[in-house]
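As a plain string of letters, each chain reads:
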Amino acid sequence: MNWYVVYTKPKWEKKVADKLNQLGIECYCPLITQIKQWSDRKKKVETPLFNSYVFVHLSDSDRNLVFQAQGVVRYLFWLGKAAIVKDQEIEIIRTSLKDPNLSDVSVAAIQVGDKIKLESGAFINQNAIVQEVSNNYYVLVLEALGCVLKIKYK
């Protein structure tokens, strides 16, 4: 059994997670508590950490069951296959969100100018600066090696 990422309709993450639980499908929708302010009051609101994403834990043969839940759009794909999230990554998210010292969490896409550390491949542990982001590739500057790296993905 693997963890897959299901893409939902906008603002349907919690509803989809409830429906999937009712169908007997193990799922995880990481939530964070934020203070929202309206003109007349402030209120603590639980919002999804990842907009339009819910993680589901099931076998490959049962993947079509999620479409019985209203609000599910499709699976998230990576390199032509359904994206699989490792058990340890789900556990890291769960334990991190339980940390009482956690004050503010946000998720942002990689942007031009970001400094990153490569975690796999031929250039593992190299620091890089994102020079360009496209729909199907990244251009990274590896200053320590004096080169520019273009990474394509499908």
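Each chain carries its own residue numbering, running from 1 in the written order of its sequence. Side-chain atom pairs in this predicted model are given and counted only at pLDDT of 80 or more, local residue features only at pLDDT of at least 70, and totals for whole chains, interfaces and linings cover all residues. The basis for every side-chain value is the complete set of heavy atoms in the structure, and neither hydrogens nor water enter the calculation.

Between Lys or Arg on one side and Asp or Glu on the other, a salt bridge is scored when a side-chain nitrogen of the former is within 4 Å of a carboxyl oxygen of the latter. The final tally for this structure, using the stated rule, is 2 salt bridges. With its nearest N and O atoms 3.0 Å apart, the salt bridge here joins Arg-41 to Asp-40. Between buried and exposed lies partly exposed: a residue is buried under 20% and exposed over 50% of the maximum accessible area for its type, with that area taken using a 1.4 Å probe on protein chains only. Its relative accessible area of 42% is what places Arg-41 among the partly exposed residues. Its relative accessible area of 59% is what places Asp-40 among the exposed residues.

Below, the discussion takes up the nonpolar core. In terms of nonpolar packing, the biggest core is built from 16 residues, with Leu-20, Val-54, Val-56, Leu-58, Val-66 and Tyr-75 touching the most fellow members. For this core, the secondary-structure elements that each account for two or more residues are strand S1 (2-8), helix H1 (13-22), strand S5 (53-58) and strand S6 (72-75). We call a set of buried Ala, Val, Leu, Ile, Met, Phe, Trp, Tyr and Cys residues a nonpolar core when their side-chain atoms join them within 4.5 Å. Judged by nonpolar contacts, the second largest core, of 10 residues, contains Tyr-28, Leu-49, Phe-55 and Val-85. Secondary structure follows DSSP: runs of H or I at least 4 residues long count as helices, runs of E at least 2 residues long count as strands, and numbering of each begins at the N terminus.

The next point concerns the sheet that holds strand S10 (residues 115-117). Following DSSP output, two strands are said to pair if at least two bridges run between them. Across the sheet, which stays open at both edges, the 4 strands sit in the order S10-S11-S12-S13 with antiparallel pairing between neighbours. Edge positions in the open sheet fall to S10 and strand S13 (147-152), since each of these has one partner strand only. Strand-to-strand, the axes of this sheet are offset by a mean angle of 40°, without reference to chain direction. Note on geometry: axes are lines fitted to C-alpha atoms, helical ones only across the stretch in contact, with angles between N-to-C directions running from 0 to 180 degrees.

We now examine the packing of aromatic side chains. Think of it this way: a Phe, Tyr or Trp ring, Trp meaning its six-membered ring, pairs with another when their centres are within 6.5 Å, and the plane angle makes it stacked under 30 degrees, edge-to-face over 60, tilted otherwise. The full count for this structure, using the stated rule, is 5 aromatic pairs. Between Tyr-7 and Tyr-53 the ring centres are 6.0 Å apart and the planes differ by 65°, which places this aromatic pair in the edge-to-face class. Of this pair, Tyr-7 sits in strand S1 while Tyr-53 is found in strand S5, placing the two residues 46 residues apart along the sequence. Members of the aromatic cluster, connected to one another through ring pairs, are Tyr-4, Phe-67 and Tyr-75. Geometrically, a lysine NZ or arginine CZ counts as sitting over a ring once it is within 6 Å of the ring centre and also within 35 degrees of the ring normal. The side chain of Arg-94 reaches across the aromatic face of Tyr-28, ending 4.4 Å from its centre.

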